[in-house]
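Reading the structure
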Amino acid sequence: MGQILQAKNIHKSYRMGKQTLTVLRGVEMSLSEGEFVVIVGSSGSGKSTLLHILGALDKPDKGTIEFNSLRLDQMSSGRLNQFRNRQIGFVFQFYHLLDELNVLENVILPAMIAAGPVTWLGCKKTVRQRAFQLLERIGLAERLKHKPYELSGGERQRAAIARALINQPRLLLADEPTGNLDSKTGYGILDILKELNQQGQTILMVTHDDRIARQAGRIIRLSDGKIVS
Amino acid sequence: MIGLKLSWRYFWHRRISILAVASVALCVFIVVIVMSVMNGLAGDFKEKCHRFVGDCVIRSQSLVGFPYAADFIRELEKQPFVAAASETVQGMGLMTYLGTSFEAGVEYVGIDPQKYSEVTNFAKTLQYHADKPENAFVPPDVPELDGCVLGIDLILLRSDTGEYSPSSRPFLLRVNISGFPLNPKGGFARAGTDTVSSKTFYYSDHIHSGLVRPDGGMVYIPLRQARLLSGMDSPIERSSTIHIRFADGVTAEDGTEKVRQHWREFMQSCRGKPYAEMLDSVGVQTWRQDRREWIAPMDKEKMMLALLFLMLGIVTVFIICVVFYMIIGHKSRDLGILKSVGMSSPSVAAVFLGFAGIVGIVGTILGTASGCLFLWKINDMENWLYNHYGWRVWDRSIYAIDQIPNAVEWSTLMWVAVCAMGACLVGALIPSIQAASKSPVRILQISQI
C-alpha cells in the first residue's frame with residue numbers, strides 16, 4: 001500500500017491571553033492507503049489538534065504535511081477548502097449536522113458545495129443516488145426526510161459518516177466518533193468504520209478509549225504533544 | 001445552490017427573522033406613506049402654482065409697473081414657441097363690502113379674463129363662468145356695471161371638513177376697492193383728497209385655485225379699472241406682469257430663455273421712448289422662479305423630511321446589523337461545519353448576505369404592500385377619525401387641500417425598495433464578513449465545549 005499522508009516535525013501552539021499554550025511539539029507520523037489508524041492520548045494531549053491539522057482545518061506553526069505529494073502547509077486557503085471538500089471526510093464527536101437540513105440534505109451537503117450551482121443540476125441525480133445507497137448501507141434509509149434533532153445520537157453519527165463519505169474522500173478523519181454515545185451504539189459506529197476500512201477506506205481516528213483503539217490496525221500514542229509509541 | 005437553500009432555511013426557521021422583516025417592513029411602510037403624501041402635496045402645490053401663473057412671467061420689481069407691455073405681447077404672439085400671452089395690473093388695496101363692516105387688505109389683479117384664461121387656469125377655477133371666462137366680470141343682474149371675481153375665502157366660509165358652506169349667489173353684493181394710484185416715479189398720482197382712488201364693483205364670480213393667497217386675498221377686476229386704481233393709466237399705460245404660455249413641447253426653461261432674448265432686443269428697440277428706463281426693473285422668469293417664495297418652504301420641508309428618513313434608514317441598518325450579529329452568534333457552529341466540509345469564506349458570507357437579501361425582499365414587499373393599502377384608504381381612515389373623534393391630520397379650515405394626496409409614484413417605490421434592500425445588505429455585511437473570517441477549528445472547539 002502507498003503512503004497517503006506524511007507529517008514531519010509538526011508544531012502547534014495557541015495564545016491563551018498573555019500565555020502561549022504549546023499543544024504539539026514535533027509530531028512525526030505517516031499513514032498508508034487502506035490503513036485504520038487510531039491516535040490515543042489523554043485529554044489535552046493534542047489529539048484533536050493533530051487531526052485538524054492533518055485534515056487541513058488548521059495550519060501548523062512549523063513542520064510539513066504531505067498528502068499524496070501535495071504540501072498542505074503551503075496551500076492557499078482556497079485550495080485547502082477544495083482539498084478538504086474532495087479528499088477529506090470529517091466525523092466529529094458531536095456529529096455537527098445542520099439542523100435546518102434533513103438527513104438527505106445533510107449528507108449531500110459536501111457534494112453540493114463541490115459542484116456549484118450550475119454543475120449541481122447536472123450531477124444532482126447521481127449524487128442523490130449515491131446518498132441513498134450510503135444511507136441504506138448505514139441503516140438510515142427510512143430517515144431521509146428527518147431533521148437531525150429527530151434522530152438518536154447513533155443515527156446522527158451514522159448520518160455524519162454518510163456525509164463524510166459522499167464525495168468519496170481518500171481519507172476519513174474521525175474525532176472521538178463514539179465519545180458521545182453509549183457503548184453499544186459506539187461499537188455499532190465502530191463496526192461501520194471497520195467495515196468501511198475493509199472495503200479500502202483509509203481512516204484516521206482519535207479516541208481516548210483503549211478498548212476502541214484496540215479495534216484499529218495501528219495505534220499511535222500521543223502524550224504532551226509528542227508521539228510516544 | 002446550497003447557499004441559497006441555507007439562506008432560505010435560516011430565514012424560514014429562525015423566529016428572529018420575523019423581527020428583522022418587521023423592522024424593514026415598518027421602515028418601508030413609513031417611508032412609502034410619508035414620501036407619497038409629501039410628494040403628492042409638493043407636486044400638487046407646484047402644479048397649482050404652475051397653472052396659476054402660466055409657463056413664464058415677465059414681472060416688474062417696481063409697484064409702478066412698466067410700459068409697452070401690449071407692444072411686446074404683439075411681438076411675442078408672432079413667435080411659434082408662444083401659445084398665448086396676457087398682461088396684468090396688480091396693486092394692494094383695501095376691500096370693503098358695502099353695507100357691511102367687513103374690510104380686508106387685498107391684492108387686486110386687473111386682467112382681460114379671456115386672454116388671461118388662455119395663459120393660466122383662471123377660467124377653470126371660476127365657479128360660474130368656467131365655460132365663458134370672457135363674462136367673468138359681468139354681473140348677471142347688472143350687466144352694464146363692472147363685476148369682480150373674489151378669492152373663494154373672501155366670500156364663503158370654509159368648514160373643518162374643507163367644504164365651503166353653500167351660499168346663494170350674492171350677485172348684488174357690492175365690493176368697494178380702494179388703492180393708491182402712483183405715477184411712473186412712484187409718487188402719488190393725485191394730490192389732496194384724491195390721493196386714494198376707490199372703485200365699486202358687483203360680485204360676479206369667485207375663484208377656487210387651491211392656493212392660500214389667491215383664494216384668501218386676491219380680487220380680480222377688469223384691466224382698465226385696475227389701471228385707474230393703481231394710476232397705471234397715465235401718462236402712459238403700464239402693466240405689472242406679462243404671463244406667457246408656451247406651445248406644446250416647449251419647456252418652461254427653454255421658452256423663458258427665448259423670451260429673455262426677445263425682451264433684451266425689445267428693450268433696445270425702446271431706447272429713447274418715453275419712460276423706457278422703467279423696463280430696466282423688469283425680469284423674465286420661469287413659473288418656478290417667479291413662485292419661489294411659495295415653493296421654497298415646501299421644498300425645504302421635503303428636504304428635511306428626506307433627511308429625517310435618511311436617519312431612519314441608518315437606524316434600520318443598525319437594527320439589521322444587531323439582528324444579524326444575533327443570528328450569526330446563534331449559527332456559529334454551522335459556520336464551522338460548512339467550512340469543515342469545504343465551503344469557502346466568500347460562500348459562507350454569501351449565505352448570510354442571501355439571508356439578508358431574503359429579509360430585505362420580504363420586508364420590502366410587506367412594507368410596500370401595507371403602505372400602498374394604507375395610502376389607498378388614508379382618506380377614509382382620516383374621515384373615520386374625524387367623524388368619531390373629531391381629529392384630522394390637516395385642519396381643512398387652515399390647509400388648502402381637499403384630500404390627503406395618496407397617489408403612489410412608481411419611481412418613489414423603486415427608490416424605497418432599492419434603499420431597503422441596500423440597508424439590509426449593508427447591515428448584514430459586517431457580521432457576514434466577520435462570520436466568514438472565523439477559524440473553523442476555533443468555532444468547532446467552542447461549540448464542543
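See above for the structure.
What comes next concerns the included structure. (Residues numbered from 1 in each chain as written. Chains lettered and ligands numbered in written order. Predicted model: local features only at pLDDT ≥ 70, side-chain atom pairs only at ≥ 80, totals over all residues. Heavy atoms only, no water.)

1. Structural notes on the overall build of chain B
The criterion, for reference: Secondary structure elements are taken from DSSP: a helix is a run of H or I of four residues or more, a strand is a run of E of two residues or more, and numbering for both begins at the N terminus. We compute the radius of gyration over the C-alpha atoms and compare it with the globule rule, which gives 2.2 Å times the number of residues raised to the power 0.38. Working definition: with a 1.4 Å probe on protein chains only, accessible area under 20% of the residue-type maximum means buried, over 50% means exposed, and in between means partly exposed. For the area figures, the Shrake-Rupley method with a 1.4 Å probe applies, and any residue is considered shielded solely by the protein chains shown. We count Lys and Arg on the positive side and Asp and Glu on the negative side, and we leave His and both chain ends out. Where a charge sits is defined by one atom per residue type, namely NZ (Lys), CZ (Arg), CG (Asp) or CD (Glu).
Along its length, chain B carries 16 helices and 11 strands. Computed over C-alpha atoms, the radius of gyration of chain B comes to 32 Å, more than 25% over the 22 Å expected from 2.2 N^0.38 for 449 residues, which places it beyond the range of a compact globule. Summarising its shape, the C-alpha atoms of chain B cover approximately 105 × 55 × 35 Å along the three principal directions. For chain B, the residues scored as buried account for 52% of the 449 residues in total. Looking at chain B as shown, the accessible area adds up to about 21400 Å², and 61% of this sits on carbon and sulfur atoms. Charged side chains of chain B number 42 positive and 41 negative; the gap between the two group centres comes to 12 Å.

2. With respect to the packing of aromatic side chains
Residue and element names in this part refer to chain B. Basically, it comes down to this: Aromatic rings from Phe, Tyr and Trp, taking only the six-membered ring of Trp, are treated as a pair when their centres fall within 6.5 Å; an angle between ring planes under 30 degrees marks them as stacked, one over 60 as edge-to-face, and anything in between as tilted. Charge-over-ring contacts are defined here by two conditions on Lys NZ or Arg CZ: a distance within 6 Å of the ring centre and an angle within 35 degrees of the ring normal.
As enumerated under the stated definition, the model contains 19 aromatic pairs over all chains in all. Counting every residue linked through ring pairs, the aromatic cluster contains Phe-66, Phe-72, Trp-263 and Phe-266. Above the plane of the ring of Tyr-68 lies Lys-273, whose end atom (NZ or CZ) is 5.1 Å from the centre. The ring of Trp-294 is capped by Arg-291, whose NZ or CZ atom sits 4.4 Å from the centre of that ring.

3. Topic: the nonpolar core
Definition in use: Here, nonpolar core refers to any group of buried Ala, Val, Leu, Ile, Met, Phe, Trp, Tyr and Cys residues whose side-chain atoms link them within 4.5 Å. Each domain span listed reflects an automatic or database assignment of domains. Here, residues are in contact when the closest pair of their heavy atoms is within 4.5 Å.
The biggest cluster of nonpolar side chains holds 152 residues, and the ones touching the most others in it are Met-29, Leu-135, Leu-193 and Leu-204 of chain A together with Phe-122, Tyr-220 and Val-359 of chain B. Considering every element that reaches this core, the biggest residue donor is helix α2 (residues 16–53) of chain B, with 17 residues. Counting contributing residues, this core receives three or more from each of domain 1 (2–46 + 295–444) and domain 2 (56–249) of chain B. Those residues in contact with Tyr-220 of chain B that sit more than four places away from it in its chain are Phe-52, Val-109, Ile-111, Tyr-116, Phe-122, Phe-137, Cys-148, Val-149 and Ile-207 of chain B.

4. Some points on the interface of chain A and chain B
Rule in force here: Any Lys or Arg side-chain nitrogen found within 4 Å of a carboxyl oxygen on Asp or Glu counts as a salt bridge. Charged means Asp, Glu, Lys or Arg here, nonpolar means Ala, Val, Leu, Ile, Met, Phe, Trp, Tyr, Cys or Pro, and polar covers whatever is left, Gly included.
Taken together, the contacts link 30 residues of chain A with 27 residues of chain B. At the junction of chain A with chain B, the criterion picks out four salt bridges. Those elements giving two or more residues to the side of chain A that touches chain B turn out to be β1 (3–16), α1 (47–54), α2 (77–87) and α3 (103–137) of chain A. At eight residues, the largest contribution of residues to the side of chain A that touches chain B is made by α3 of chain A. For the side of chain A that touches chain B, the residue count by class is 15 nonpolar, six polar and nine charged.

5. Some details on α3 of chain A
All names here are of chain A. Note the cut-off: A helix is expected to span 1.5 Å multiplied by its residue count minus one. The angle between axes fitted to the seven residues ending at a residue and the seven residues starting there is what we call the bend at that residue. N or O atoms closer than or at 3.5 Å make up a polar contact, with two conditions inside protein: a donor-capable atom paired with an acceptor-capable one, and, for residues adjacent in sequence, both atoms drawn from side chains.
For α3, spanning 35 residues, the distance from its first C-alpha to its last is only 14 Å, which falls clearly below the expected 51 Å at 1.5 Å a residue. Considering bend angle alone, the principal kink of α3 is centred on Gly-116 and spans about 115°; proline Pro-117 follows within four residues of it. N-cap assignment for α3: the residue whose side-chain oxygen lies 3.2 Å from the backbone N of Leu-104 is Asn-102. Looking at the residues trailing α3, positive phi occurs at Gly-139, about 80°.

6. Overview of the environment of Phe-137 of chain B
By the secondary structure assignment, Phe-137 of chain B is in the loop between α5 (122–125) and β5 (147–151). Not counting the four nearest positions on each side in its chain, Phe-137 of chain B is found in contact with Ile-111, Pro-113, Leu-145, Asp-146, Gly-147, Cys-148, Val-149, Ser-204, Tyr-220, Ile-221 and Pro-222 of chain B.

7. Examining the sheet that holds strand β7 (residues 171–175) of chain A
Backbone-to-backbone hydrogen bonds pair the strands of a sheet. The strands run either parallel or antiparallel. Residue and element names in this part refer to chain A. For clarity, the threshold we go by: By the convention used here, strands pair only if DSSP detects at least 2 bridges between them. Helix axes are fitted to C-alpha atoms over the stretch in contact, other axes to C-alpha atoms as well, and angles between N-to-C directions run from 0 to 180 degrees.
Read across the open sheet, the six strands follow the order β6-β7-β8-β3-β9-β10; overall the sheet is mixed. Strands with a single pairing partner mark the edges of an open sheet, and in this sheet they are β6 (88–91) and β10 (226–227). Of the strand pairs in this sheet, β6 and β7 are connected by four bridges, and their pairing is parallel. If you follow Gly-89 over to β7, its bridge partner there is Leu-172. Sheet strands in contact with α2 are β6 and β7, and its direction is about 75° off that of β6.

Without other data, these values stay purely geometric and don't point to any function.
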